[in-house]
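Coordinate analysis (summary)
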Amino acid sequence: MNNIERQYQQLLGDILENGVDKKDRTGTGTLSVFGRQIRHKMSEGFPLLTTKKMAWKTMVTELLWFLRGDTNIKFLLDYDCHIWDGDAYKNYTNKFLGYEDVPSKEEFIKEIKTNNEFAKKWGDLGPIYGKQWRSWGDGDEYVDGIVYMKYPPIDQITNLVNELKTNPDSRRLMVSAWNVGELDQMVLPPCHYGFQVYTRELSIEEQVRAYEKMGYTKNIDPLDYAPKRAISLMWNQRSVDTLLGLPFNIASYGLLLEIIAKEVNMVPDELIGNLGDVHLYKNHIEQAKEQMYRRPYDLPSVRITERNWYQHELVKEHLGEKTFSEKIMSYRPECFELLNYQSHKTIKAPLSN
């Protein structure tokens, strides 16, 4: 049995056995425990759960959406990703006064897809993850209605990558989405509210293995070409929808670790999740029991393909390497190929908004 799957199934059992009844904002009700941790060695495989079929493209699309700094669901809908539809629609219908004819959710989504002005106004979810990751704190500060200072935005992701390249032993390699000054402007405060990365030097043996795994055949000393460091990522999460959300979170931060590692030429090492309120919604209990007793398959792997012509060596010499931001903007979900993924069938469960 793969280790991450074993931990996940044990967590489901923990909640079912030890969880306490708690009310929640959706009115569904939960069984909840507090303060849990999961750990995964990336060398054991990519952490995409196999005890139910996972929506790979949906997860990749959402992560790219975050990394682009986007907060409008139009990008998600362009790639048939619907996990934020409910929050956007709820935000839209909350603006009605109660006596108007309210469009259906299907009509709302159709309008977002086809009407750019409508999408610009109603597709935006406020300053959620992407805004905080890529553009923290941009805006004017007012005193008595007069602008007296303009703060430049802080691109936390670019800063993180630059720091990894220049000061990889720093203890400040962190990104936060929990901007207390803007929480009331978000349709939903961040559930996974921050992450930290950590690097270590690889041994000579680890460097050679990393070189061989890459499949390079250049007639050079492997130690001149191989990664010199391993990189780990730990994320913190205040609220954990264990059946529907957590499998996505694990895979999403696993892929984020792969993307960052590729950019800074390091080896993905350990993925760690610190989990706060870990819960099962009351209408997910039977599904959780079913997933608990499924036998896992071996974990898959992931191949990242940079889909742009800048990567050609001669073009690089002429134009220079693309920046990390330029690469992120050129990525599409199809750039992330899932290899050797075998899973059990989908487990359907309602999403509580």
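Numbering of residues begins from 1 in every chain and follows the order in which that chain's sequence is written. Two thresholds apply to this predicted model, a pLDDT of at least 70 for residue-level local features and 80 or more for giving and counting side-chain atom pairs, whereas whole-chain, interface and lining totals are computed over all residues. Each side-chain value is derived from all of the structure's non-hydrogen atoms; neither hydrogens nor water enter the calculation.

Brief notes about the overall build of the chain
Spelled out, the test is: Only DSSP runs of H or I reaching four residues or more are called helices, and only runs of E reaching two or more are called strands; each is numbered from the N terminus. Only protein chains enter the calculation, and the probe is 1.4 Å; a residue is then buried if its accessible area is under 20% of its type maximum, exposed if over 50%, and partly exposed in between. Residue contacts are counted whenever heavy atoms from the two residues lie within 4.5 Å of one another. A 1.4 Å probe and the Shrake-Rupley method give the accessible areas. Residues count as covered only by the protein chains that appear here.
When you go through the chain residue by residue, the secondary structure sums to 14 helices and ten strands. Scored against the burial criterion, the 353 residues of the chain give a buried share of 49%. Expressed as a percentage of contacts within the chain between residues at least 6 apart in sequence, the contacts between residues at least 24 apart total 74%. Approximately 18,300 Å² of the chain is accessible, and the part contributed by carbon and sulfur atoms is 49%.

Focus on the packing of aromatic side chains
Put simply, the test is: When two rings of Phe, Tyr or Trp (its six-membered ring) have centres within 6.5 Å they constitute a pair, described as stacked for plane angles under 30 degrees, edge-to-face for angles over 60, and tilted for the intermediate range.
Applying the stated criterion to the full structure yields 18 aromatic pairs. Arranged with centres 4.7 Å apart and planes meeting at 40°, the rings of Phe66 and Tyr129 form a pair that is tilted. With Phe66 in helix H2 (residues 56-67) and Tyr129 in helix H7 (residues 129-135), the pair connects residues that are 63 residues apart, well separated along the chain. Take Phe66 and Tyr129: they sit in the same class, and that class is buried. Pairing Phe66 with Trp133 gives two aromatic rings, centres 5.5 Å apart and planes at 65°, and the pair type is edge-to-face. Of this pair, Phe66 sits in helix H2 while Trp133 is found in helix H7, placing the two residues 67 residues apart along the sequence.

Overview of the side chain of Gln7
Position of Gln7 among the secondary structure elements: in helix H1 (residues 3-18). You can call Gln7 buried: its relative accessible area is 15%. Leaving out residues up to four positions away in the same chain, Gln7 has contacts with Gln37, Ile38 and Arg39.

What about H1?
Rule in force here: By this rule the span expected of a helix is its residue count minus one, scaled by 1.5 Å.
Spanning 16 residues, H1 covers 22 Å between terminal C-alpha atoms, matching the ideal 22 Å at 1.5 Å per step. All of the buried residues along H1 are Ile4, Glu5, Gln7, Tyr8, Gln9, Leu11, Leu12, Gly13, Asp14 and Ile15. Of the surrounding elements, those touching the buried residues of H1 are strand S2 (30-41), helix H11 (245-264), strand S8 (267-281) and helix H12 (285-292).

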